[in-house]
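# Close look at the chain arrangement
Here is what each chain is made of, one letter per residue.
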Amino acid sequence: MVDYRYLGRSALKVSPLSLGTMMFGGPTPDDVAFRIIDKAKDQGINFIDTADVYHNGKSEEVVGRGIKAHRDHWVLATKFVNSHVKGPNLGGHSRKWVIETVENSLRRLNTDYIDILYFHRAVFDAPLEEPVRAIADLIRAGKLRYFGVSNFRGWRIAEISHLADQLGIDRPVASQPLYNIVNRTAEAEQLPAAHHYGLGVVSYSPLARGVLTGKYQPGAAPAADSRAGRGDKRILETEWRPESVEIAQKIGAHAARKGIKAADFALAWVLNNQLVTAAITGPRTEEHWDGYIRALDVQIDAEDEALIDSLVTTGHPSTPGFNDPSHPVEGRVPRAVKATAPVAAAPRAVA
């Protein structure tokens, strides 16, 4: 039996696993993607996640075909802000882009409505009120049911919640942060802010893009068929770090003593946080999905929690000083200063 949970303060119920489809329309063949979707549905999963930019929209196309026969079973989430084409208004927060990207997603998904539209990331120099107003209009038009945010820091979660209140619309129902054992920074602000403002948390990358499966060995080159071995930009600049690889080996040994896989343990640990509603799991193969489902039966105890706290301090990443370059810290803006003139040598005393 699936433990369906209300998403934030909404009346919408979702499964604790969300089927992530970043691999669909790309590395995962279409027939495999359709089998995974059908299997997930039969297992009681009702939450599926894609984005307009995954494989230039091909992920949405595959998802649309895969869920068509049972569209109303699925809580379908996609995203906007990013764009795979260049142009001043192709991407971002403008009303023009919000409406255009939703129309394009509806066409690719071959559906009349999207259940949840996420801001994929923050745009630091753009206003938030304009896209919120556009989203409100799309909700009134029946093209969206809810909206959410992804990669928003705590203060932006607060700001967008207040904006929704001022505009007389429902607050966002979900926040989608990066959250896993080797990157716990969401615990500092994002998770408590979402809880305070009534957003459910749908975290992504619970296995640290595969690092927490234990398949990478410390000091060794990654296997050619792995994400790091294929030269995936995001894992190389974020999760494939020496400290994380070392920690993954320790977690694997601990999980083995419990008679389970490292990946099952890592995913179960994320779901054991009461502030997390669901976790997005992105399978490339059917075998990957079979492993994710196993994690729903794993029980995390006090000893497990204490071990993780000893390996990675709450609220911190595994690597001291690590920041994700795709989501920079905003709190340091140097003032314009003049270059320092060279200091002239003091005159020598005359005898």
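The coordinates are above.
Residues numbered from 1 in each chain as written. Predicted model: local features only at pLDDT ≥ 70, side-chain atom pairs only at ≥ 80, totals over all residues. Heavy atoms only, no water.

Estimates place the volume of the second largest pocket at around 320 Å³. Here the lining of the second largest pocket is built from residues that sort into eleven nonpolar, three polar and three charged. (1 Å grid on protein atoms, 1.4 Å probe; cavity = no way out; pocket = protein on both sides within 12 Å on 5 of 7 lines; lining within 4 Å. Points joined across faces, edges and corners; volume = space filled by probe spheres on them. Nonpolar A, V, L, I, M, F, W, Y, C, P; charged D, E, K, R; others polar.)

We now examine the pairing of strand S10 (residues 278-281). Alternating residues of S10 divide into Ala 278 and Ile 280 and Ala 279 and Thr 281, and every residue in both groups is buried. As paired strands, strand S3 (residues 17-20) and S10 are joined by three bridges and run parallel to one another. By the bridge assignment, Leu 17 is partnered in S10 with Ala 279. (Buried < 20%, exposed > 50% of the residue type's maximum accessible area, 1.4 Å probe, protein only. Helix = DSSP H or I, 4+ residues; strand = E, 2+ residues; numbered from the N terminus. Pairing = 2+ DSSP bridges.)

Let's shift gears to the environment of Tyr 216. Its location among the elements puts Tyr 216 in the loop between strand S9 (200-203) and helix H7 (233-237). For Tyr 216, a relative accessible area of 3% puts it in the buried group. A polar atom in the side chain of Tyr 216 sits 3.4 Å from the backbone nitrogen of Arg 227. (Polar contact = N/O pair within 3.5 Å; in protein donor to acceptor, adjacent residues only side chain to side chain.)

It is worth spelling out helix H10 (residues 286-294) at this point. Where H10 is concerned, the buried positions are Glu 286, Trp 289, Gly 291, Tyr 292 and Ile 293. Turning to H10, the residues buried within the fold contact S3, helix H1 (30-42), helix H9 (262-271) and S10. (Contact = heavy atoms within 4.5 Å.)

Right, let's get into the packing of helix H2 (residues 58-67) against helix H3 (residues 95-109). Running from amino to carboxyl end, H2 crosses H3 at an angle of 50°, the nearest separation of the two axes being 7 Å. Relative to H3, H2 is oriented oblique. For the pair formed by H2 and H3, the contact residues are Glu 60, Glu 61, Val 63 and Gly 64 on the first element and Ser 105, Arg 108 and Leu 109 on the second. (Axes fitted to C-alpha atoms, helices over the stretch in contact; angles between N-to-C directions. Parallel < 35°, antiparallel > 145°, perpendicular 65-115°, else oblique.)

All right, on to unusual backbone geometry then. The phi angle of most residues is negative, glycine excepted, and most peptide bonds adopt the trans form. Unlike most non-glycine residues, Val 81 shows phi in positive territory, near 115°. Residue position: Val 81 is located in the loop between strand S5 (75-80) and H3.

A separate point is the packing of H1 against H10. To describe two helices that pack against each other, one gives the angle between their axes and the distance between the axes. Where H1 meets H10, the closest approach of the two axes is 10 Å, and the angle between their N-to-C directions is 20°. On the basis of the axis angle, H1 is roughly parallel to H10. Crossing of H1 against H10: the hand is right-handed. Contacts between H1 and H10 involve Val 32, Arg 35, Ile 36, Lys 39 and Ala 40 from the former and Glu 286, Trp 289 and Asp 290 from the latter. Within the contact of H1 with H10, the residues separate by chemical class into four nonpolar, no polar and four charged. (Left-handed = near helix turned anticlockwise from the far one by under 90°.)

This next bit is on the pairing of strand S7 (residues 144-150). Summarising burial for S7: five of the seven residues are buried, a large majority. Bridging between S7 and strand S8 (residues 174-176) involves three bridges; their strand directions are parallel. Paired with Gly 148 across the strands is Ala 174, a residue of S8. Regarding topology, helix H5 (residues 154-167) serves as the crossover connection from S7 to the parallel S8, and that connection is right-handed. (Right-handed = clockwise from strand over helix to strand, strands pointing away.)

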